[in-house]
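# What the coordinates show
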Amino acid sequence: MAIKVSYVAKESFNNLRRNLLMTLAALLTIVISLSLAGAALLFRRAVGNATVTFKEGFEVTIFMQPEATKTQVEAVRKEIEAMPEIDKSEYVSKADSYKDVQRIFKNRPEFLEGFAGPSDAPEQFRLRPKDPDQIDLIGTRFKRRPGVYSVTDFQAVKSVLAFTNKIQLVILIVAAALMVSAVVLILNTIRMAIFARRREVAVMKLVGATNGFIRLPFMVEGMLQGLLGALAGFGLLALGSRFAQNSLRASENKILETLSISTGELVGTGVAMLAVGALVGAIGSALAVSRFLDV
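Quick caveat: nothing in here was measured; it's all calculated off a predicted structure. (Residues numbered from 1 in each chain as written. Predicted model: local features only at pLDDT ≥ 70, side-chain atom pairs only at ≥ 80, totals over all residues. Heavy atoms only, no water.)

## Description of the packing of aromatic side chains
- Overall, the coordinates contain one aromatic pair when judged by the stated rule.
- In this arrangement the basic side chain of Arg77 is found over the ring face of Tyr91, its NZ or CZ atom lying 4.8 Å from the centre. (Phe/Tyr/Trp six-rings, centres within 6.5 Å; stacked < 30°, edge-to-face > 60°. Lys NZ or Arg CZ within 6 Å of the ring centre and 35° of its normal.)

## Considering the nonpolar core
- Formed by 30 residues in total, the largest nonpolar core has its most connected members in Leu34, Ile186, Ile190, Phe218, Val280 and Leu293.
- Within the residue set of this core, elements represented by two or more residues are helix H2 (20-56), helix H7 (155-196), helix H9 (211-250) and helix H11 (263-292).
- Ranked by residues supplied to this core, first place goes to H7 with ten residues. (Core = buried A, V, L, I, M, F, W, Y, C linked by side-chain atoms within 4.5 Å. Buried < 20%, exposed > 50% of the residue type's maximum accessible area, 1.4 Å probe, protein only. Helix = DSSP H or I, 4+ residues; strand = E, 2+ residues; numbered from the N terminus.)

## Remarks on the pattern of salt bridges
- Counted by the stated rule, this structure contains five salt bridges.
- The partner of Arg141 in a salt bridge is Glu79, and the shortest N-O contact between them spans 2.9 Å. Of this pair, Arg141 sits in helix H6 (residues 135-142) while Glu79 sits in helix H3 (residues 70-81), and the two are 62 residues apart along the sequence.
- Under the relative-accessibility criterion, Arg141 is labelled partly exposed at 35%. (Salt bridge = Lys/Arg side-chain N within 4 Å of Asp/Glu carboxyl O.)

## Overview of the pairing of strand S1 (residues 60-64)
- By the criterion of burial, S1 is predominantly enclosed, with four of the five residues buried.
- The sheet contact formed by S1 and strand S3 (residues 124-129) spans four bridges and is antiparallel. The residue of S3 that forms the bridge with Thr61 is Arg126.
- As judged from the three bridges shared by S1 and strand S4 (residues 148-151), these two strands associate in the antiparallel manner. If you follow Met64 over to S4, its bridge partner there is Val148. (Pairing = 2+ DSSP bridges.)

So, in structure tokens, the structure goes:
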């Protein structure tokens, strides 16, 4: 028995309409689960882009103790000049360091009370590594040098990345659980469609309809639910991404502005969501057909 595309489409949409409540529940679950999964992927991309941007402009700053001797300062300077890992270095005097303190804390006078003048400000060395991955190496090398008070390094950024990775893991776990729920809902939707058409299916078998002819509309129904849910989820994700990007651009925080994603990354995530949506629908429909359709 020949299978017509118009017949398959008509029967699939009729099945969706007959079980509208279950269909909407399945669609909503797919929308939420894939939106969460897509958001986690985009968030990971944005954090990765920000990390690259941040590391490329990252400087290691060595703060000398205010009472550090000239000998100690010169020893640090010579060691910096001898390091091939350092691309560029800048020395900041006590006077310039004090100006920086006044500028940074101009609205917080309580922090300036501990500085009687330039003599209380630390001398600094600002270093730009040739390779961003050598930041830790440079920072560790100077932390215990005589006269050094502290060294800024990449540990704070690593802590942020570890935290964001945990958030992404939680989001993906929740999304996976919801996708399993979507498979179950699609299975139940198709099971109800099969039950509603049980007599029609029996008649079709009697007149010689093939297994593929009977099963195909139900399979297409499941895939349609997955694709429609994924499409709606991508639309929701695209709107949320655009709003987030506009908000970040409008902020005055330079670090937040680096949390950006390209149009290509957004489209790539959308394609992945559509593929996963179709797969979820196919799995749900295949399980339903093999279990509840006796052909």
